[in-house]
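What follows is each chain in one-letter form.
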Amino acid sequence: MKLSCKKVFIGILSALILTSCGNKSGINSNDPVDKKVVELLSKMTLEEKIGQMEQLSGEGFSGNMVNQIKSGGVGSILNEVDPETVNKLQKVAVEETRLGIPIIFARDVIHGFKTIFPVPLGQAASWNPQIVENGGRVAALEATSVGVRWTFAPMLDISRDERWGRIVESLGEDPYLTSALGAAMIKGFQGDNLNDASSMIACAKHFVGYGASESGRDYNVTTISGEQLRNIYLPPFKAAVDAGAATFMTSFNEINGIPSSGNPFLTKQILRQEWSFDGVVVSDWNSLGEMISHGYCADGVEAAGKGVNAGVDMDMMGYVYRPNLAQLMKEGKVKQATIDQAVRYILKLKFRMGLFDNPYVDTNKPGAFYTEDNLEKAKQAVVESAVLLKNEKDILPLKENIKSIAIIGPMADAPHDQMGTWSFDGEKSHTITPLTSLKEEYGDKVKINYVQALAYSRDMNKSAFAQAVSAARASDVVLFFAGEEAILSGEAHCRADISLPGAQKELLAEIAKAGKPIVLVVMAGRTVEIYKELPLADAFLYVFHPGTMGGPAIADLLFGKAVPSGKLPVTYPKMVGQSPVYYNHKNTGRPAKGNEVLIDDIEVEAGQTSLGCTSFYLDAGDKPLYPFGYGLSYSTFEYSDLKLSANEIGPNDNLKVTCTLKNTGKYEAAEVAQLYIRDIAASITRPVKELKGFQKISLKVGETKTVEFTLTPGQLKFWNNDNQFISEPGEFKIWVGTNSREGLEGSFRLR
Ligand code: GLC
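None of these values were measured; they are calculated from a predicted model.

What counts, and where the lines are drawn
Residues numbered from 1 in each chain as written. Predicted model: local features only at pLDDT ≥ 70, side-chain atom pairs only at ≥ 80, totals over all residues. Heavy atoms only, no water. Helix = DSSP H or I, 4+ residues; strand = E, 2+ residues; numbered from the N terminus. Rg over C-alpha atoms; globule rule 2.2 N^0.38 Å. Buried < 20%, exposed > 50% of the residue type's maximum accessible area, 1.4 Å probe, protein only. Contact = heavy atoms within 4.5 Å. Areas by Shrake-Rupley, 256 points an atom, 1.4 Å probe, with all protein chains shown as cover. Near = heavy atom within 4 Å. Polar contact = N/O pair within 3.5 Å; in protein donor to acceptor, adjacent residues only side chain to side chain. Nonpolar A, V, L, I, M, F, W, Y, C, P; charged D, E, K, R; others polar. Pairing = 2+ DSSP bridges. Axes fitted to C-alpha atoms, helices over the stretch in contact; angles between N-to-C directions. Salt bridge = Lys/Arg side-chain N within 4 Å of Asp/Glu carboxyl O. Expected span 1.5 Å × (residues − 1). Parallel < 35°, antiparallel > 145°, perpendicular 65-115°, else oblique. Left-handed = near helix turned anticlockwise from the far one by under 90°.

**Student:** Is there a simple way to explain the overall build of the protein in this structure?
**Tutor:** Along its length, the protein carries 20 helices and 26 strands. Its C-alpha atoms give the protein a radius of gyration of 27 Å, near enough to 27 Å, the size a compact globule of 751 residues would have. Each principal axis of the C-alpha atoms in the protein carries an extent, and together these give about 90 × 60 × 55 Å. Buried residues in the protein amount to 60% of all 751 residues. Across the protein, the fraction of contacts at a sequence separation of at least 24, relative to all contacts at a separation of at least 6, is 76%. With an accessible surface of roughly 28,300 Å², the protein has 50% of that area assigned to carbon and sulfur atoms.

Right under this line is the structure:
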């Protein structure tokens, strides 16, 4: 077959590029996809290349969008979720442009598309990777059915400050738990093969350190030491690379003066060089343009240059790449190779997603929304995410002798707010609230006296309080549904006062006067300050924002058809003044002894040093309300017989850790056994505890199981201030237990 000279030239050129690229470019000359990428790239004009680096927000089938696609291409469109429009726009790209490069359609599908799962912080409380993977898979099945093939999740920001609105989107405060659950979410979203039509590519975000925003105020600066960056904030993102995350998103914040969207140390040195990530890096929404506001760039031209030279491949709604990159290249400030590299990653992703072969969404396939299986998985996620924090007088589960219940509060029947933040496509008409489920499923067993009392969480109208108190008086038990509306957490929704908003605190105090047992159920996007109100409640169940199936799950939990197994993925502060507060803190030179005299007990004219000099708050002590990993069950568990495979190990040895776990209670239940270590003395200070393993174990009444963990050499390592990942000889403590404060303690020596 006679090949045209041009084709021969392209073939030779492709071969040259392939062999010259080497692994740095992520191009492998033996990979058929890479061959296609190189061949296509060689045909593209500079304008077409820069067009691929543009991500625009959907505006329907508008003339402007059609022109953008036709005039030089658009790499991706976010927020277009009408399948007909998706296909019409895709048709323009595929059939009406010179090279027919398809568009990736994206959306923030954070904890569900139509079937809304618990918010990520709630899913994290399940400590169950399968629950999180299920949530990702259901979200992908529903979202891809309308043409969304890219989600901007999981959010892997380590979050230690309840004032920060985005703590709700996180998987909590711990690197190990966040890594395990983030990987599970990626697996759920992406499935087994990116080119499957139901695969929705994941996006590890926000790279990096966003959760350290000063004072818990969103978009604020972060100051992070090298060892904290490496030991706390980066590990979940490395786990995301290992889990095959197809994309990364840079974060809005600066770290030590450099915005993450213009920081080559993060997006080239760490992500590309050290971790060999070969996916696409997208900016956050205009985070490139915001480098002007940060005071890091003088104008859009400089922002484009710093972004692309830092390795940010795609500009989400910053409008800085398209107008400036060609000029920057002419001025020699951006190399052709830099642009080619960005476009290679983008084209490679599109080939891997199968978009060139199947660019359109099948609009004839019935929507996968709200299927029985999806709803059942969502309900199970709520059951396993609920954290029982208090249960005195065995008030829960509600017993047979309960003949009437008062259901009171603004969150008992709040279908919109129950879904939580980032539920753009959720439909409140499909949300099943606790009031609905309690009436439908238990209304024949108990009389239900319902008084909303407050119309929404911030409501200050107390006119129905008397009615609420009457309902309490007329009932055997009160179920008080309190919390936050969805709008009070999430992006840009930070609170300096994280107590129950509106008149909820007053309402609870009034209800308590009726003298009936109170079960406090909180739906919120953060661990709200509840310290002063808690004594008024006999039981306290935390359900975050539980999503579509919150009602059926909570009803079953309250009546004992399901047993709580959730554990806190964040430390629960007594007061907001303790934030940021987290379990894996450093010990300091003067740790609290636990016997400190608190403010109400200080003698008048007490001597200045009479209280001792240790690290605690006069008005809050040194402990949070509840520790990381804490959560009760209706059953009880006993840990015994901790055994280590050795008392001393070498730097390359594993250490096997076992103990016996018994269900000593009256209910079949699941317990999350947790493994922690402490490196007692090292060349830099190490946390008082570090989570290194967890297992969720179901046990029948009286059943005993052996819990086994294997501690690997790498798990004893840490990054020091010289950027070295090392372990050092010395003493280690080890615990296996039910939370970060309690457990069987052992020790071993590392040679
Ligand atoms: C937002 C968020 C980011 C989200 C993106 C697209 O500002 O920071 O998490 O994925 O823009 O909506």
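So much for the structure itself; the text now carries on.
**Student:** Teacher, can you tell me more about the site of the ligand here?
**Tutor:** If you check the shell around the ligand, you find 13 residues, and the closest are Asp 108, Arg 166, Lys 205, His 206 and Asp 284. Residue Arg 166 places a side-chain N or O atom 2.8 Å away from an oxygen atom belonging to the ligand. Asp 284 places a polar side-chain atom, nitrogen or oxygen, 2.6 Å from an oxygen atom of the ligand. Burial of the ligand by the surrounding chains reaches 93%, relative to a free accessible area of 310 Å². Of the residues in the shell around the ligand, the class split is seven nonpolar, one polar and five charged.

**Student:** Looking at this structure, how should I read the sheet that holds strand E5 (residues 203–207)?
**Tutor:** Read from one edge to the other, the open sheet built from three strands follows the order E5-E6-E9, with strand pairing classed as parallel. Whereas interior strands pair on both sides, the edge strands pair on one side only; in this sheet they are E5 and strand E9 (280–282). On average, adjacent strands in this sheet sit at an angle of 25 degrees to one another, irrespective of strand direction. Strand direction decides the pairing type here: E5 and strand E6 (residues 247–250), joined by three bridges, are parallel. Considered in E6, the bridge of Phe 207 is made with Thr 250.

**Student:** What is the right way to read the pairing of E6 from this model?
**Tutor:** Look at any regular strand and the pattern is simple: side chains alternate between the two faces of the sheet. Burial along E6 is two-sided: Thr 247 and Met 249 and Phe 248 and Thr 250, pointing in opposite directions, are all buried. Here three bridges tie E6 to E9, and the two strands are oriented parallel to one another. Across the sheet, the residue bridging to Thr 247 is Val 280, located in E9.

**Student:** Can you walk me through the pattern of salt bridges in this structure?
**Tutor:** Oppositely charged side chains are able to pair whenever their charged atoms sit close together. Enumeration according to the criterion identifies 40 salt bridges in this entry. Where Lys 205 meets Asp 108, a salt bridge forms, and the shortest distance between an N and an O atom there is 3.6 Å. Linking Lys 205 in strand E5 with Asp 108 in the loop between strand E3 (104–107) and helix H6 (120–124), this pair joins segments that are 97 residues apart in sequence. Across the salt bridge formed by Lys 567 and Glu 671, the nearest N and O atoms sit 3.1 Å from each other. With Lys 567 in the loop between helix H20 (550–559) and strand E17 (637–644) and Glu 671 in strand E20 (residues 669–679), this pair connects stretches of sequence that are 104 residues apart. A single burial state applies to Lys 567 and to Glu 671, both of which are buried. Among the ionic contacts, a cluster of salt bridges with common partners joins Asp 34, Asp 278 and Lys 348.

**Student:** Is there a simple way to think about helix H16 (residues 372–385) in this case?
**Tutor:** Since the α-helix packs 3.6 residues into each turn, any two residues three or four apart lie on the same face. A rise of 1.5 Å per residue sets the reference length of H16, with its 14 residues, at 20 Å; its end C-alpha atoms lie 20 Å apart and thus fit the reference within 8%. Listed as buried for H16 are Asn 374, Ala 378, Lys 379, Ala 381, Val 382, Val 383, Glu 384 and Ser 385. On its buried face, H16 is in contact with H6, helix H7 (129–144), strand E11 (387–391), strand E16 (539–542), H20 and strand E21 (690–699).

**Student:** Hey, could you run me through the sheet that holds strand E12 (residues 404–408) in this one?
**Tutor:** Pairing is mixed in the open sheet, where six strands are placed in the order E11-E16-E15-E14-E12-E13. Pairing within the sheet leaves two strands with one partner each, and these edge strands are E11 and strand E13 (447–451). Neighbour to neighbour, the strand axes of the sheet diverge by 15 degrees on average, direction disregarded. Relative to E16, strand E15 (residues 518–523) runs parallel, the two sharing four bridges. Counted as the bridge partner of Val 521 is Leu 541 from E16.

**Student:** Is there a simple way to explain the packing of H7 against helix H8 (residues 175–190) in this structure?
**Tutor:** Each pair of packed helices gets described by two things: the angle between the helix axes and the distance between those axes. Running from N to C, H7 and H8 point in directions that differ by 30 degrees, and their axes come no closer than 7 Å. The angle between H7 and H8 falls in the class roughly parallel. As for the relative orientation of H7 and H8, their crossing is right-handed in sense. Between H7 and H8, the contacting residues are Pro 129, Val 132, Glu 133, Gly 136, Arg 137, Ala 139 and Ala 140 on the first element and Leu 181, Ala 184, Met 185, Lys 187, Gly 188, Phe 189 and Gln 190 on the second. Of the residues assigned to the contact of H7 with H8, the class counts are eight nonpolar, three polar and three charged.

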